[in-house]
Amino acid sequence: MANPSTTLPGVPDATGTEPHREGGGSVYVYQIPIRLWHWATVAAISTLALTGYFIGSPLPSVGGEASDSFLFGYIRSAHFIAGYVLAIGLVARTWWALVGNVHARQIYTVPVRDPKFLDELWWQVRWYSFLASEPRKHVGHNPLARLTMFFLFLQTALFLSVTGLALYSEGEGIESWQYKAFGWVFSLFGSSQRVHTLHHVGMWVMLLFVMTHVYAAIREDIMGRASILSTMISGWRNFRDTRE
Amino acid sequence: MDTFFDVLRRQGISRRSFVKFCSLTATSLGLGAGFSARMAHAMETKPRIPVLWLHGLECTCCSESFIRSAHPLAKDVVLSMLSLDYDDTLMAAAGFQAEAILDQTMKEYKGKYIVAVEGNPPLGEDGNYCMVGGRPFVDRLKEVCEDAMAVISWGACASWGCVQAAKPNPTKATPVHEVIRNKPIIKVPGCPPIAEVMTGVVSYILTFDRLPELDRMGRPKMFYSQRIHDKCYRRPHFDAGQFVEAWDDENARKGHCLYKMGCRGPTTYNACSTVRWNGGVSFPIQSGHGCIGCSEPDFWDNGPFYQRLSNIHPFMVEGTADSVGAKVAGGVGVAIAAHAAMSAVRQAQRAAPGSSSSSSKGDSK
Ligand code: HEM
Ligand code: HEM
Ligand code: SF4
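Definitions and limits used
- Residues numbered from 1 in each chain as written.
- Chains lettered and ligands numbered in written order.
- Predicted model: local features only at pLDDT ≥ 70, side-chain atom pairs only at ≥ 80, totals over all residues.
- Heavy atoms only, no water.
- Helix = DSSP H or I, 4+ residues; strand = E, 2+ residues; numbered from the N terminus.
- Contact = heavy atoms within 4.5 Å.
- Areas by Shrake-Rupley, 256 points an atom, 1.4 Å probe, with all protein chains shown as cover.
- Donors = N, O, S within 2.8 Å, 3.2 Å for Na, K, Ca; no water.
- Tetrahedral: all angles 85-135°; square planar, octahedral: opposite > 155°, others 65-115°.
- Buried < 20%, exposed > 50% of the residue type's maximum accessible area, 1.4 Å probe, protein only.
- 1 Å grid on protein atoms, 1.4 Å probe; cavity = no way out; pocket = protein on both sides within 12 Å on 5 of 7 lines; lining within 4 Å.
- Points joined across faces, edges and corners; volume = space filled by probe spheres on them.
- Nonpolar A, V, L, I, M, F, W, Y, C, P; charged D, E, K, R; others polar.
- Phe/Tyr/Trp six-rings, centres within 6.5 Å; stacked < 30°, edge-to-face > 60°.
- Lys NZ or Arg CZ within 6 Å of the ring centre and 35° of its normal.

Helices and strands together make up the secondary structure of chain A, namely eight helices and two strands. Listing each helix as α and each strand as β along chain A from the N terminus yields β-α-α-α-α-α-α-α-α-β. Seen through its principal axes, chain A has C-alpha atoms that stretch 70 × 35 × 35 Å. For chain A, the share of sequence-separated contacts (at least 6 apart) that also reach a separation of at least 24 residues comes to 62%. Summed over its atoms, the accessible surface of chain A is roughly 11200 Å², and 70% of this surface lies on carbon and sulfur atoms.

With that settled, the discussion passes to the coordination of the iron atom of ligand 2. Around a metal, the perfect tetrahedron of four donors has angles of 109.5 degrees, and the perfect octahedron of six donors has angles of 90 or 180 degrees. Residue and element names in this part refer to chain A. At 1.9 to 2.0 Å from the iron atom of ligand 2 lie its protein donor atoms, namely His-38 (NE2) and His-213 (NE2). Because the angles between the six donor atoms bound to the iron atom of ligand 2 fall within 86 to 180 degrees, the donor set is best described as octahedral. Of this pair, His-38 sits in helix 1 (residues 32-56) while His-213 sits in helix 7 (residues 192-223), and the two are 175 residues apart along the sequence. Residue His-213 is classed as partly exposed on the basis of its relative accessible area, which comes to 25%.

Residues and elements named next belong to chain A. Space inside the second largest pocket adds up to approximately 890 Å³. Together, 43 residues line the second largest pocket, and Ile-55, His-79, Phe-80, Leu-167 and His-199 are the ones closest to its centre. The residue makeup of the lining of the second largest pocket, split by class, is 21 nonpolar, 15 polar and seven charged.

Moving on, we come to empty space enclosed by the protein. Scanning all chains against the criterion turns up seven cavities of 30 Å³ or more. Here the residues of the lining of the largest cavity are counted per class, giving nine nonpolar, two polar and two charged.

A few words now on the coordination of the iron atom of ligand 1. Residues and elements named next belong to chain A. Looking at the metal site, the iron atom of ligand 1 is ligated by His-79 (NE2) and His-199 (NE2), spaced 2.0 to 2.1 Å from it. Because the angles between the six donor atoms bound to the iron atom of ligand 1 fall within 84 to 179 degrees, the donor set is best described as octahedral. Separated by 120 residues along the polypeptide, His-79 in helix 2 (residues 71-99) and His-199 in helix 7 bring together distant segments of the chain. The pair His-79 / His-199 is uniform in exposure class, with both members buried.

Looking now at the packing of aromatic side chains. Aromatic ring pairs are defined here through the distance separating the ring centres and the angle between the ring planes. Enumeration over the complete set of coordinates arrives at 26 aromatic pairs over all chains. Where Tyr233(B) meets Phe283(B), the ring centres are 6.3 Å apart and the plane angle is 70 degrees; that geometry is what we call edge-to-face. Within this pair, whereas Tyr233(B) is found in the loop between helix 10 (221-224) and helix 11 (235-240), its partner Phe283(B) is found in the loop between helix 13 (272-275) and helix 14 (321-351), the two being separated by 50 residues in sequence. Accessibility expressed as a relative area gives 39% for Tyr233(B), which makes it partly exposed. Between the aromatic rings of Phe238(B) and Phe243(B), the centroid separation amounts to 6.4 Å while the plane-to-plane angle is 85 degrees, which identifies the pairing as edge-to-face. Phe243(B) carries the same exposure label as Phe238(B), and that label is buried. Among the aromatic residues, those joined into a ring-pair cluster are Phe72(A), Phe238(B), Phe243(B) and Tyr259(B). Here the guanidinium or amino end of Arg219(A) rests over the ring plane of Trp127(A), the centre of that ring lying 5.1 Å away. Positioned over the ring face of Phe5(B) is Arg15(B), at 5.7 Å from the centre of the ring.

Below, the structure is given as structure tokens:
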């Protein structure tokens with residue numbers, strides 16, 4: 001790993017607050033909690049999507065006595081456990097946004113009025129449209145990634161957690177803390193069945209994020225000017241060239 | 001003034017039968033043993049509360065259910081306690097005579113009577129889709145509720161709108177609580193509600209002079225705080241993963257869970273799986289048919305009834321979240337594949353010797 005303190009002056013990163021470090025150099029971007037959270041969330045969402053699908057369309061009926069089997073019960077339990085991992089993870093991630101480094105805050109905001117952000121966003125759109133021959137350098141997320149993480153991931157994850165906890169509260173009963181905290185969801189959307197449907201639609205929105213996210217991560221890792229995949233493992237962003 | 005008991009005695013009801021009714025009702029309300037005596041006492045000593053029973057856009061299934069209450073006394077509850085000072089379906093009087101009774105009760109018992117509404121007012125075309133006594137029902141509803149002590153919304157119509165309010169709701173049928181906003185309203189949803197639930201609610205109000213405790217949707221907690229699914233006797237099959245897959249399959253004969261056949265028990269708050277119907281004889285699931293969720297808001301729009309997942313209608317197509325989601329995801333998948341292919345070509349061009357990409361205009365900042 002190259003010396004992380006190598007800097008070239010004058011090139012601010014995507015957040016506009018830190019100097020750009022490069023020269024084939026490396027920057028420490030994602031702190032340990034972020035990386036742990038990322039992979040825990042990946043595991044949770046994969047479990048949730050799989051079990052959630054089977055909650056909506058159960059597997060073929062099991063034979064034998066009812067007392068000999070608890071298949072659907074286990075599928076639902078797995079969903080609820082993974083659901084709590086996702087929801088508590090989101091809360092913890094939000095806390096880390098407040099206390100972590102500047103990159104930890106990126107997915108929580110979209111600086112729509114920052115001309116530099118908009119300029120880089122436009123560049124990134126051109127890069128994906130094959131109109132620019134090279135992407136720009138970003139220490140944190142590229143602007144387009146940041147947009148999708150804010151709108152497609154964060155909002156959807158919040159929506160799924162809130163509607164999920166509301167559905168969970170129905171099993172716990174109307175005296176439970178879950179119902180007291182999330183019962184308003186049913187007043188908002190009208191009925192329990194509606195909330196089920198919307199929760200289910202949320203899954204597909206989340207899957208759209210995952211598809212584009214994974215594709216973009218792999219593509220940029222190959223075609224971009226800096227490490228991507230290894231960054232979410234080691235935390236270090238390694239730049240591959242010294243140009244601006 | 002007459003008490004309930006006086007009225008009942010005049011109908012030839014024995015005291016024994018009366019006490020039985022009180023204990024049955026107290027039990028179905030989930031009240032302890034002491035309460036049946038309290039209820040009997042209240043009914044013996046308190047002046048009866050007049051009830052005005054209005055009918056808007058509806059099918060009268062609530063009334064039909066009500067008069068079929070399990071305990072024989074319930075019909076007397078209808079015909080004597082309530083029968084009401086006014087009920088256009090059940091009362092003997094008709095025409096001007098009937099309307100006169102309504103006016104009289106409203107004046108005499110100002111602020112002390114209960115309005116029970118069956119059906120709902122359609123607001124479209126100035127309310128002209130439902131005329132009662134020559135006037136739009138909505139006007140009369142507002143008028144009668146003005147001096148009421150409380151309002152009972154009987155059934156899915158009054159509580160949520162029901163079939164006449166299903167999309168596209170051409171008459172703008174509107175649930176009672178969206179028209180009457182300044183009175184305590186108790187919703188007793190169902191299409192129809194269970195008879196014992198109806199008489200239970202009325203008896204509670206009459207005995208204790210207050211509305212029963214309501215949940216966040218305005219329904220009495222004692223009957224609507226749990227889902228059908230929470231107390232369904234087929235629930236062990238649900239947890240085991242044993243489902244009916246077709247109406248005539250082996251699992252249907254064995255009485256497995258009806259979830260895959262569209263049972264709405266998991267999303268429906270009602271007392272069917274405990275109180276049951278027709279004097280506790282059975283309820284839909286016991287008879288092999290899934291719950292259709294008739295006590296839930298918008299249940300007509302959450303169909304089809306025999307399909308687990310409700311249909312949605314985004315971009316003018318109809319399908320479940322899964323069928324629509326899979327199509328969209330498929331489209332995005334194809335787009336990603338195409339983009340990946342173009343990217344691979346681009347990458348190959350860049351890697352090719354003599355490539356000019358790094359010095360093209362894209363390179364300039
Ligand atoms: C990425 C996140 C999630 C996905 C993709 C997801 C997916 C799903 C799906 C597809 C269903 C079936 C809906 C239906 O058609 O009835 C479902 C049901 C449910 N989910 Fe989630 N969910 C997620 C998060 C959560 C969370 C955070 C919780 C909270 C504990 C949760 C709790 C539930 C509950 C209680 C049900 C209803 C189970 C039942 O009725 O038996 N979900 N979920
Ligand atoms: C359920 C699936 C996934 C979700 C919900 C998800 C979500 C996220 C989110 C929210 C971030 C932003 C992290 C932050 O700033 O806090 C992120 C970054 C990242 N994710 Fe994922 N992710 C998923 C799957 C994956 C997979 C399968 C890979 C690997 C192929 C991956 C690779 C990455 C990488 C490399 C980054 C950092 C991007 C960068 O360096 O700018 N993700 N992901
Ligand atoms: S039959 Fe319906 S209510 Fe009963 S356990 Fe199955 S899904 Fe639940």
